Amino acid sequence: MNPILDILVTGAGPAGIAAAVTAAECGLRAGVVDDNPASGGQIWRSGAHLPAGARRWKARFDAAAVVRFQGWRVIDCPEPGVVRAQRNDAEVASDPAAEDRIDLHYRQLILATGARERFLPFPGWTLPNVMGAGGLDAMVRGGLPIAGKRVVVAGTGPLLLAVATHLAARGAEIVAICEQASLAQMAPLMFQVLRRPGKLWQGASFRWITRKSRCLTRCWPVAAQGDQRLRSVTLQRDRKQWTVDCDYLACGFHLVPSTELAALLGCRLENGFVATDELMQTSAPGIWCAGEPSGIGGVELSLLEGQIAALAAAGKTGAARRLAAQRRGALPFVRALESACRLNPQLRDLARDETIVCRCEDVPLKALRDRTGWRDARLHTRCGMGPCQGRICGGAAEFLFGWHAGSIRPPLFPALVSCFSGPDAALDPATHREAP
Amino acid sequence: MTGVWDVVVIGAGIVGAACARTCAASGLRTAVIDATGIGAGATAAGMGHIVVMDDSPAQLALTRWSQELWRELAAELPREVEFECRGTLWVATGEDEMKEVRRRQPVYASAGVPAEILDSRALAEAEPQLRKGLAGALLVPSDAVLYPPAAAAYLMHEAIRMGAQMLSPQRVVAAGQGRVRLRDGSELSAKRIVNACGTGATDLLPGLPIRRRRGHLVITDRYPGFVRHQLVELGYLKSAHSIASDSTAFNVQPRQTGQLLIGSSREFGAEDTSINHALLRAMVQRAASYLPAIGRLQAIRVWTGFRAATPDKLPLIGPWPGDESLCLATGHEGLGITTSLATGKLIAAEILGEKPGIPAEPYFPARFLGENHSAPVQTLCGEAAHG
């Protein structure tokens, strides 16, 4: 058995890094488990091009005495105080002799599992080169050549502008940035941004870099065309429709919190988010939550919440309360962001009868129309029953039909059958430190 | 919902749906009530193995007849039911189990079920993924697999096509003496009421000898051709029907999608749907001891469900003594998918006063009652009635 960690953090994005660093600096034995080989989560994935704040946190993370399990994906919690993780696919395939799984023992757990993009089905959304905005961004960071490529960025939320900016900086031609919300809907968010110089400066610089691109509100893609790959996208604004040629459609309709592990652990959810108190404690004793799963609020708030959770878990309640007061000040931004990203009901009409909603099991929209709920749909159409376990279609079904995901079943991600049997992998945590 | 129904079936699992279908086909005015929807209980949790079992003559008669009914129905089943005549391989590990194979083969044959004895080499050819050195197997080619929720939906839609009505979601709070009361306070009158609520049957009849027996299943990603038949260890009967304790057995099913279902486990006393990791571990290890490569396949999901178990391993099908209006169709344990069709036939015959295809008495609920047929029964008035 591995030594018991005082605090285990699941996720090494900004919230997880802040939590782990804070816990370690409190003198606790802290560990982080994350499915990526490198720390940083979706937003701080790549070391280059990171803002100074991110570089400082990552440097503190590298200096802290945190036991790291990078490249391990949490798949189950077989008993109280234990999280089971499986080595991520690529490594399993390349080295069949390697241990597949590890059981991590903890006294307290901080969930920093982040969020993923929401996809909405429309005709052509399953074509190659139609991808998530964050997904394309990550691929470009991973080396996908984008210079000279024509990209339409569409959906909703501040991520669109951030992605467009990064792609433009890498030489992409941003054909259009289409935001589904109206200016009026975004006004409260802009008001909040105006009060926050950091965000204002960031937003302004993003827009400056993408100044040559059309930026349209109340605008969304209604169809993507192509055969082997994407050729063009039909956009709609008010009653007008037009078609633009492009190589990529980067499409994301804001974020869906990743709450599966929280649900499996029995933490109470509220409106799709993990319910916490002011000090980020969930309804389950000894389990805390930080970052997007407790409310979509961006990097700054995630950092704050990671610190609050770790301080509170470490028993430093006074310090945690001081930061909690700071967090309260950020909550109007969270609410403004939420209302700015509320999806226009017209987006429900984008998908046609034949449009695939569940890509794993090829379930078209028409098969779902008469179902009474998510479970009924799962049983009778297999929607959400494939390897992604509803992570992609679940967010769409929630918007299209108002269905909420039902009970969560292990494994949280597809895992080797042997992960449920065999002896515990006796691994020395020291050998699982990320190479500096 | 006015007037008197000929039959009100409570429960739209595969058993209730099969009862509704045969009743509606006989021209009876039929209603079906379910608290959630079609096939959402044990029907959704099980494997969907159409299998002949010979634990007792009554079990053999019921499963054999049912298997035949499924094969007759096969041609009209829609594609999504995924009915496939895979056949069952009862795998024998050693010579002692081969003796059992040789004993069972004529039992099946005399019941009109073709069964073939495979030796070690023939078994290895039939299923190359099985570990080397197994003694052989009994092959029952007429056994089949299907996707239970879709099968239940098909039976229910057939019932509706023939005039049955479905009320769902509606929860029944009391049933008896020709009346069925719903939670919203409304009431239905029925000449006959069929309690087909699976493990929930005891909510309406607290005295019933039914216990919830939890099981685990694992489903994998798609590996077409990994195994070809439903594979069950010959010791399955022993472990499946040892009423006393928790048990696991090797039982793997190839789905039409290429996915594999890995089972099985049985435990009493578990009240929630959580996963018993110790039992799951034993179950997976058992599967890997027969199929060594199975550990390297990707599992997508593990779940649990509850079987409605009776003390003598036979279902409760037929009239409930003490209430002329009431029939039971429950207690099918792990054989509900297989025996649903025969259950429907038995219930329709009972209601119509006809002679069924097999003797119905072995399944009568009366077998569990004392001489005076007394058992506490929840009536509409909430009192205990005595027959």
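Residues numbered from 1 in each chain as written. Chains lettered and ligands numbered in written order. Predicted model: local features only at pLDDT ≥ 70, side-chain atom pairs only at ≥ 80, totals over all residues.

Which residues make up the sheet that holds strand β14 (residues 240-245) of chain A, and what are the values?
Residue and element names in this part refer to chain A. Spatially, three strands are ordered β12-β13-β14 in an open sheet, and the strand pairing comes out antiparallel. Pairing within the sheet leaves two strands with one partner each, and these edge strands are β12 (219-226) and β14. Recorded for the sheet is a direction-independent mean angle of 25° between the axes of neighbouring strands. As judged from the seven bridges shared by β12 and strand β13 (residues 230-237), these two strands associate in the antiparallel manner. (Pairing = 2+ DSSP bridges. Helix = DSSP H or I, 4+ residues; strand = E, 2+ residues; numbered from the N terminus. Axes fitted to C-alpha atoms, helices over the stretch in contact; angles between N-to-C directions.)

Residues and numbers for the confidence of the model for chain A, please.
Where the model shows low pLDDT, its predicted coordinates should not be examined in detail. Residues of chain A with pLDDT of at least 70 account for 93%, and the chain-wide mean is 90. Taken as a whole, residues 424-436 of chain A scores under 50 in pLDDT and shows 19 contacts with residues more than four places along the chain or in a different chain. (pLDDT = per-residue confidence, 0-100. Contact = placed C-beta atoms within 7 Å.)

Before we move on, can you summarise the domain arrangement of chain A with the specific residues and values?
All names here are of chain A. Here the domain parsing of chain A yields domain 1 (5-116 + 256-337), domain 2 (119-253) and domain 3 (350-401). For domain 1 and domain 2, the distance between their C-alpha centres works out to 29 Å. Taken together, the contact between domain 1 and domain 2 spans seven residues of the former and six residues of the latter. A class-by-class count of the residues in the side of domain 1 that touches domain 2 yields four nonpolar, two polar and one charged. (Domains from an automatic or database assignment. Nonpolar A, V, L, I, M, F, W, Y, C, P; charged D, E, K, R; others polar.)

Just give me the short version of the interface of chain B and chain A, but keep the residues and values in it.
At the interface, 28 residues of chain B touch 19 residues of chain A. Elements with a minimum of two residues in the side of chain B that touches chain A: α6 (148-161), β12 (211-222), α9 (277-290) and β16 (298-309) of chain B. Along the lines of polarity and charge, the residues of the side of chain B that touches chain A split into 17 nonpolar, seven polar and four charged.

Please set out the sheet that holds β16 of chain B residue by residue, giving values where relevant.
Read across the open sheet, the nine strands follow the order β22(A)-β16(B)-β12(B)-β15(B)-β14(B)-β13(B)-β4(B)-β6(B)-β5(B); overall the sheet is mixed. Every other strand in the sheet has two partners, leaving β22 (415-416) of chain A together with β5 (116-119) of chain B as the edge strands with one partner each. Pairing between strand β13 (residues 230-233) of chain B and strand β14 (residues 247-254) of chain B: two bridges, direction antiparallel. Bridge pairing in β14 of chain B links Val232 of chain B to Asn251 of chain B. Here helix α4 (residues 95-110) of chain B sits on the sheet in contact with β4 (88-92), β5 and β6 (136-140) of chain B, set at roughly 20° to β6 of chain B. α9 of chain B contacts β4, β12, β13, β14, β15 (259-268) and β16 of chain B of the sheet and is inclined by roughly 55° relative to β14 of chain B.

Tell me about the packing of helix α1 (residues 14-25) of chain A against helix α2 (residues 52-63) of chain A, residues and numbers included.
All names here are of chain A. For the pair α1 and α2, the least separation of the axes is 9 Å and the interaxial angle reads 45°. As judged from the angle between their axes, α1 and α2 are oblique. As α1 packs across α2, the resulting crossing turns out to be left-handed. Note on element contacts: α2 touches α1 through Trp57, Lys58, Arg60 and Phe61, opposite Pro14, Ile17, Ala18, Ala20 and Val21. Its residues assigned to classes, the contact of α1 with α2 shows seven nonpolar, no polar and two charged. (Parallel < 35°, antiparallel > 145°, perpendicular 65-115°, else oblique. Left-handed = near helix turned anticlockwise from the far one by under 90°.)

Can you tell me about helix α9 (residues 298-313) of chain A, naming the residues and giving the values?
Taking 1.5 Å per residue as the helical rise, α9 of chain A with its 16 residues ought to reach 22 Å, and the 22 Å between its terminal C-alpha atoms agrees with that figure. Count one or two residues on from α9 of chain A and you reach Gly315 of chain A, which has phi positive near 85°. (Expected span 1.5 Å × (residues − 1).)

Please set out the pairing of β12 of chain B residue by residue, giving values where relevant.
All names here are of chain B. In this sheet, β16 lies alongside β12 in antiparallel orientation, the contact comprising 10 bridges. Residue pairing for β16: His216 is matched across the bridge by Thr304. Sheet analysis places β12 next to β15, joined by five bridges and oriented antiparallel. When the sheet's bridge partners are listed, Arg213 is paired in β15 with Phe268.

Quick rundown of the environment of Leu111 of chain A? Include the residues and the values.
Residue and element names in this part refer to chain A. Along the chain, Leu111 falls in strand β6 (residues 101-111). Its 32 C-beta neighbours within 10 Å are what place Leu111 among the buried residues. When the C-alpha positions of Leu111 and Pro121 are compared, they lie 30 Å apart, and in sequence the two are 10 residues distant. Ignoring anything within four residues of it in the chain, the contact list for Leu111 reads Thr10, Leu261, Ala262, Val274, Ile287, Trp288, Cys289 and Pro293. (Buried ≥ 20, exposed ≤ 12 C-beta atoms within 10 Å, placed from the backbone.)

Any details on the pairing of strand β3 (residues 66-70) of chain A? Residues and values, ideally.
Residues and elements named next belong to chain A. With four of five residues buried, β3 is to be regarded as a mostly interior element. Pairing of strand β2 (residues 30-34) with β3, which is carried by five bridges, proceeds in the parallel orientation. What sits directly across from Gly31, in β3, is Val67.

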